[in-house]
Amino acid sequence: MNILVVEDDSFKFSKIETLIENTLGKVKITRFDNIHDTVIYFESNIPDKIILDMSLPSHAAKVGEGSPLSMPAGGIEIILELKSLNMIDIPILILTQYPEIEIENEYYSIDESGIEIKNIYGINNLAVVLYENDSSDWKDEAVDFLRL
Amino acid sequence: MNNKHLNRITISLVKSKKARNLLRGMIGETEHYKVKNTLRKIKNNCSSIEYKKSIEVIRAAELFEHNSVSRDFNKVCPNTLPDLMRFTENEIIDKINSQEDRINKLLHLYRDLLVSIQEMKIRDSLKLCRSIIEHKGVSCCLIRILFYIKNHADDYDDYDDAQEGVEDIFRKIEMSNIGYLDNAIKELSNSRTDYFNICKKINGDQNKTPLNLIARDFISHVTSDEIVFLNTLNAYYTFSLLDSFLYISSVNRLKLPLTKGVKNIKSSLMDSFYSLSNIKVNTKLYLNEYYDDLDINLFRESFLLIELDELFKYKTIHGALYNTSEKKEDVRLPVEKRLLSDYFESIKSLSDLRNHENGGNGISMDKYDSEKCSHFENSSALLYYIEKNDANISGEEKIFIELMSYTRDIGYTCPSHYIKKIQHNADSDELRLVLACLISIKDKSQIADHELRRVMQKLATSKFDSKIKYLVRYLYDISPSVTHHLMQVCDETFLSKLFHLTEKPNKAIEDRADMLEWYGEQIKDLSYIERAKNLRIDVQINKEKGMIDDSRIYVDPLKFTQWINDNILNDITLLLEAKENKNEFTAQPLDWRKVQNGISNDEQIASLLLKCYSEFCNNKLFGIASYLGRRIRHGTFKGTALKEVKDFSSNKKYEDIFNDRDLSDCYNDWLKCYENMLEELKKSYLHIKSKKKPLGLIHSNIGTTSKNIIANHMLHDILKSYNKNGTSLEVPYLVTEYCWRFIEEDLANIRKRLMEYKSKHAVFGFRLNYSRLLKRKHINEFCQELNSVTAEKFRTISSWFNKPSIASPSANLTLLFKAVISEIKGFFTLFEPTIIHKESDFNISGGLYFVIYDALYILIYNAAKYGKENSELEFKVIPHSEHQVINISITSEAKNSKSLAESKRLINAALNADFENAHIEEGKSGIKKLRRMANDQYISNVRYTFPSNKITASFDFSVEF
């Protein structure tokens, strides 16, 4: 199984990585911390599952290459890319640190946003979960997602 | 009601004693507000019949001739009541009939006036206008005609007479009484302003005063809605009896049941109207105008002379298509359908439209003619064809793309469902791209934006070596208009999001610079080339920064100023250019809460400036919203405020304290309360105020008196800058600076709120008597340390809400110097100077750094080209605070004495040569350009000295220390 994790926060990623390993044992985990690299990855790869952050930078930050765009709804870019590639059946877990998600210039609560994303972008298998460093609630939902 | 009765209207006709008494108190009254107040009292205290009677009395009786509110016949413009009168169609027709002779007399004068205008007899026209005024015939119609004369003053031989004559009449008839209508007519008929925007403002005004209803009728004279008809009739009646007659007669041409009362109008009046409406339009008045705009100009002016049948028909046909309604087809009247099918009879396929340059230019009043039409009529033809064929353009895709260069505003006027249908059936990628562009003009969703990017990337990858700039160039040959649109769309943000083509952020800026430079050359517009150059400087500076930008700063100044350049500056410039005289550059104080619906020139500029402020606050990529989002979303806020505070419970030092249950419970309760407070700040207050976040502390509007004062200063400075420089180049920097002034008030409120919450919820206290076992000193120490941590955290968080020190685009001089050296090394591979950097550094902001880069470039380029290789290059920065200047000098070594003499000769020659053409013909050394920059006062004191075997070049530039 190949799980793609799109996450720019290393600390958060390490927690996700540990959770995946604890839940599924040794599986392939591919990580990207920006939208550009993820989009390019989709050109020749199809992951089995995706764990996705919402707020992402446009590109990798490298010395002398200019400032990446910080995109608060960057996760939607990834979803739009999946839609245009017709990869709408890949299970996606949106793991966000914010209790509201911006979709098409409107904010939705975690519960509403899952339905909205499904309706607007036609993603079939999607869960949206609030990530909190100090809580383990998200872990239960993430485990359910991974075991699906 | 018989005519005799109507002709002798007196107070006694009003039955209510109270109303009669109030009316008597108004006799001879000229003060508008007093008349208004008295009428309000009658309205509130008497029946509606008595109120209407009272209105009739003050409109007709001589005793109230100067009441200034409302008369049947006027010598000056009435200062109309804000509330609409409620007369029935028949009541108004009765009044019209009762004044048959007077109205007929006026109609004859108006007829003569319209004939005289079409014959371009300016003096006769103005004389007739004065005669109409003498006959108390001032009307909305007269004002429209006067605007028509004014708009065409250029076409008359005696231009000054026309301009002055109209202005003189405007003063005489007291146009200031109807400021709203004055602005509405001016802006609707001004081809330089955004037509749809003005229409939106007028139609969006919820007050629906009589003047607003009249302005709405200017936009759309076609209605089948009885309420709209009756309200508009009353609005015109408020202005004058003649206007109400002209309105009914005009609408009657639509042959709808709602004007059934027309049959009751005296036939002599209708005959006079027919005689007037038959006058032919002299289209020669438009033929001197810019080739591709002449028909839109006629359309935008058609409401000025809507009484003329030809213009009524022209506006009816094109107005049915040229609007932004998505459901225009559904509300179309039979008469419109008939006129459209008749006018566009010749169109059988898209090739029957104009898709090439045509020799002639003209206006087609009767039938569409592709051989002489301009862009506007051609657009109507395309919209008509799409409608008629239910968006089926199979086999005609190439023509459709070509038509984009011979039509206008299709993205706004073509209903989305048709565009989507064409898109669904499209065969070629080029057409898909054009359609994605058209969709994205109106549809600002992420889906539409992504689709446009997807199509562009696919096309660029498959046919243009993954180079977006080549795709844009290719499209220019098919349709320059599509290219123009893409030039507007493809800003750096958009290009950054072309993830399949743009592998690093700097590439987006480089591509944008390439596109701007190429396009500037194509359309011969130096401003594009200048912007390209400045972008390249930014790329160069980025490369030299040697560090990753901290994107966690407030509003990104560069992206914000670029956004203004790309989205707002053109519109502001057009409005600034539309100002007719110097007086208009003195801004009058505005109420910024109302400017969004305002239609005066200043209000429109203000409305665009508000858009800038809204973007400054709300833009999710570079605005305050982005900053707040990152601070909050990434958990920085809560993390900063909470982590160390929480760690206290696991601190060994306080283990014994937490063993005490009382204290431990107290701490846990307090911590919960503290966390809730942070959550409340995060969820409710640290936001841009909106429907979803009503408690948000950042207000992206101008809602307070102090912000209003600042906004008026901003407008004043912008007008002053344009008036002084003749360009709007400074505008983005001025706007950025003022946006920071606006938001300072909100930031101060956030800081205040944070401190208030800190005092309330971030101070831990513990009653010592609860825990006798513990040592008093130790507990005090714990409380003190905890409170000192929360205080420090809140100070840190509070500091996030200060204006950053660098709020404008900026760079320091050393960085500029390094960036220039690096760029020049690219041209001269052997150029490896030993850099000696002396004295201080200085940060330059507000766009001035582009100029300094240019100047440094010239000096260092010459040093590299003519100087000794691998020698010393000395860079000196000396501030002179007493003169508010900074002196920059570059000293390089000459190759040898011969070379020094030759350099001296060349430099002196360049310093003494003519530099006027420096921006067109750049000399080899660039010294001419340096002098040109000094002449334009960007820099000063350009000097060359020659100490020993060296050459020192220096210049000053002004700064505020």
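Residues numbered from 1 in each chain as written. Chains lettered and ligands numbered in written order. Predicted model: local features only at pLDDT ≥ 70, side-chain atom pairs only at ≥ 80, totals over all residues. Heavy atoms only, no water.

A tally of helices and strands in chain A yields 5 helices and 9 strands. For chain A, the C-alpha radius of gyration of 14 Å lies close to 15 Å, the compact-globule estimate for 148 residues. Dimensions of chain A along its principal axes, counting C-alpha atoms only, are 40 × 35 × 30 Å. By residue count, 56% of the 148 residues in chain A fall in the buried class. Restricting the contact set of chain A to residue pairs at least 6 apart, pairs at least 24 apart contribute 63%. (Helix = DSSP H or I, 4+ residues; strand = E, 2+ residues; numbered from the N terminus. Rg over C-alpha atoms; globule rule 2.2 N^0.38 Å. Buried < 20%, exposed > 50% of the residue type's maximum accessible area, 1.4 Å probe, protein only. Contact = heavy atoms within 4.5 Å.)

Turning next to the sheet that holds strand β2 (residues 28-32) of chain A. Residue and element names in this part refer to chain A. Taken in spatial order, the 5 strands line up as β2-β1-β3-β6-β9 in an open sheet, and their pairing is parallel. Each having just a single partner strand, β2 and β9 (126-130) make up the two edges of the open sheet. Across the sheet, the mean angle separating the axes of adjacent strands is 20 degrees when strand polarity is ignored. Here 3 bridges tie strand β3 (residues 49-52) to strand β6 (residues 92-96), and the two strands are oriented parallel to one another. Its bridge partner lying in β6, Ile50 is registered against Ile92. Docked against the sheet, helix α3 (residues 74-84) engages β3 and β6, running at close to 155 degrees with respect to β3. Docked against the sheet, helix α4 (residues 110-121) engages β6 and β9, running at close to 155 degrees with respect to β9. (Pairing = 2+ DSSP bridges. Axes fitted to C-alpha atoms, helices over the stretch in contact; angles between N-to-C directions.)

Here we take up the environment of Phe245 of chain B. All names here are of chain B. Within the fold, Phe245 resides in helix α14 (residues 241-252). Along the primary structure Phe245 and Val14 are separated by 231 residues, whereas in three dimensions their C-alpha atoms are 25 Å apart. If we ignore the near neighbours within four places in the chain, the residues touching Phe245 are Ile96, Ile103, Leu107, Ile265, Leu269, Met270 and Phe273.

Residue and element names in this part refer to chain A. Taken together, the 4 bridges between strand β7 (residues 100-103) and strand β8 (residues 106-109) define a ladder with antiparallel strand orientation. Bridging across to β8, Ile101 finds its partner in Tyr108. In this structure, the hairpin formed by β7 and β8 is closed by a connection of 2 residues, where Glu104 is found at a positive phi of approximately 50 degrees.

We now examine the pattern of salt bridges. Pairing between side chains becomes possible if they bear opposite charge and their charged atoms approach one another. With the rule as written, the count across this model stands at 58 salt bridges over all chains. With its nearest N and O atoms 3.6 Å apart, the salt bridge here joins Lys43 of chain B to Asp83 of chain B. Of this pair, Lys43 of chain B sits in helix α3 (residues 32-45) while Asp83 of chain B sits in the loop between α4 (48-60) and α5 (89-98); the two residues are 40 residues apart in sequence, bridging distant segments of the chain. Judged by its relative accessible area of 38%, Lys43 of chain B falls in the partly exposed class. Given the relative accessible area of 42%, Asp83 of chain B is considered partly exposed. Through salt bridges with shared partners, a single ionic network connects Glu77 of chain A together with Asp449, Arg453 and Lys497 of chain B. (Salt bridge = Lys/Arg side-chain N within 4 Å of Asp/Glu carboxyl O.)

This part covers helix α27 (residues 480-489) of chain B. Within α27 of chain B, burial applies to Val482, Thr483, His485, Leu486, Met487 and Val489 of chain B. Packing partners of the buried residues in α27 of chain B comprise α24 (429-442), α25 (446-463), α26 (468-478), α28 (492-496) and α29 (505-523) of chain B.

Residue and element names in this part refer to chain B. Computed from the structure, the second largest pocket encloses a volume of approximately 1,500 Å³. Along the wall of the second largest pocket there are 43 residues; nearest its centre are Lys150, Lys186, Ala578, Glu580 and Glu584. Of all the secondary structure elements, the ones that give two or more residues to the lining of the second largest pocket are α8 (140-151), α9 (159-172), α10 (179-188), α17 (294-301) and α33 (601-618). Among the elements that take part in the lining of the second largest pocket, α9 stands out by supplying 7 residues, more than any other. Among the residues forming the lining of the second largest pocket, the class breakdown is 8 nonpolar, 16 polar and 19 charged. (1 Å grid on protein atoms, 1.4 Å probe; cavity = no way out; pocket = protein on both sides within 12 Å on 5 of 7 lines; lining within 4 Å. Points joined across faces, edges and corners; volume = space filled by probe spheres on them. Nonpolar A, V, L, I, M, F, W, Y, C, P; charged D, E, K, R; others polar.)

Aromatic rings in a pair are described by how distant their centres are and how their planes are angled relative to each other. Summed over the entire model, instances satisfying the criterion amount to 48 aromatic pairs over all chains. Summarising the aromatic geometry, the rings of Phe32 of chain A and Tyr41 of chain A are spaced 5.1 Å apart at their centres and angled 55 degrees between planes, so their arrangement reads as tilted. A relative accessible area of 18% places Phe32 of chain A in the buried class. Aromatic side chains Tyr343 of chain B and Phe344 of chain B sit 4.8 Å apart centroid to centroid with 90 degrees between the ring planes, which places their arrangement in the edge-to-face category. (Phe/Tyr/Trp six-rings, centres within 6.5 Å; stacked < 30°, edge-to-face > 60°.)

As a further point, take unusual backbone geometry. Positive phi is not limited to glycine here, since Asn86 of chain A has a value of about 60 degrees. In this fold, Asn86 of chain A is placed in the loop between α3 and β6. For Asn86 of chain A, a relative accessible area of 60% corresponds to the exposed category. Even without a glycine there, the phi angle at Ala391 of chain B is positive, about 65 degrees.

As a further point, take the pairing of β6 of chain A. All names here are of chain A. Counting buried residues along β6, 5 of its 5 residues qualify, which places the element largely inside the surrounding structure. Burial of β6 is two-sided: the residues Ile92, Ile94 and Thr96 facing one way and the residues Leu93 and Leu95 facing the other way are all buried. Note: β6 against β9, 5 bridges, orientation parallel. Looking across to β9, one finds that Leu93 is bridged to Ala127.

Let us look at the domain arrangement of chain B. Domain boundaries in chain B define domain 1 (3-69), domain 2 (97-276), domain 3 (280-411), domain 4 (595-799) and domain 5 (810-958). Distance between the C-alpha centres of domain 1 of chain B and domain 3 of chain B: 49 Å. (Domains from an automatic or database assignment.)

Tallying the contact residues gives 35 residues for chain B and 40 residues for chain A. Summed over both sides, the interface between chain B and chain A buries roughly 3,700 Å², with carbon and sulfur atoms accounting for 56% of that surface. Summed over the shared surface of chain B and chain A, the number is 3 salt bridges. With a shortest N-O distance of 2.6 Å, Glu77 of chain A and Arg453 of chain B are connected by a salt bridge. Viewed at the interface, chain A and chain B are joined by 12 residue pairs in polar contact (both at pLDDT 80 or more). Counting residues per element, the side of chain B that touches chain A draws most heavily on α25 of chain B, which supplies 5 residues. Among the residues making up the side of chain B that touches chain A, the classes are represented as 7 nonpolar, 12 polar and 16 charged. (Buried area = accessible area lost by both parts, 1.4 Å probe. Polar contact = N/O pair within 3.5 Å; in protein donor to acceptor, adjacent residues only side chain to side chain.)

All names here are of chain B. Inspection of every chain in the model, using the stated rule, returns 8 cavities of 30 Å³ or more. Estimated volume of the largest cavity: approximately 150 Å³. Taken together, 15 residues line the largest cavity, and the ones lying closest to its centre are Asp217, Tyr236, Tyr247, Ser250 and Ile306. Listed by contribution, the elements that provide at least two residues to the lining of the largest cavity are α12 (210-219), α14 and α18 (309-319). Take the lining of the largest cavity: its biggest share by element is 5 residues, from α14.

Take the packing of α14 of chain B against helix α15 (residues 267-277) of chain B next. Residues and elements named next belong to chain B. At their nearest, the axes of α14 and α15 sit 11 Å apart, and the two run at 70 degrees to each other. Comparing their axes, α15 and α14 come out roughly perpendicular. Viewed along their axes, α14 and α15 form a crossing whose handedness is right-handed. Across the interface between the two elements, Phe245, Leu246, Ser249, Ser250 and Asn252 from α14 touch Leu269, Met270, Phe273 and Tyr274 from α15. Tallied by class, the residues present in the contact of α14 with α15 amount to 6 nonpolar, 3 polar and no charged. (Parallel < 35°, antiparallel > 145°, perpendicular 65-115°, else oblique. Left-handed = near helix turned anticlockwise from the far one by under 90°.)

Okay, the environment of Tyr286 of chain B next. Residue and element names in this part refer to chain B. Here Tyr286 shows up in helix α16 (residues 284-287). The class of Tyr286 is buried, set by a relative accessible area of 1%. Each C-alpha atom, one on Tyr286 and one on Ser370, is 18 Å from the other, the two residues being 84 residues apart in sequence.

Residues and elements named next belong to chain B. Orientation of α33 relative to helix α38 (residues 705-725), taken along the N-to-C sense of each, is 115 degrees, at an axis distance of 11 Å. Between α33 and α38, the angle falls in the class roughly perpendicular. Regarding α33 and α38, the two cross each other, and that crossing is right-handed. Touching Asp602, Ile605, Leu609 and Tyr613 of α33 are Lys707, Met714, Leu715, Ile718 and Leu719, all from α38.

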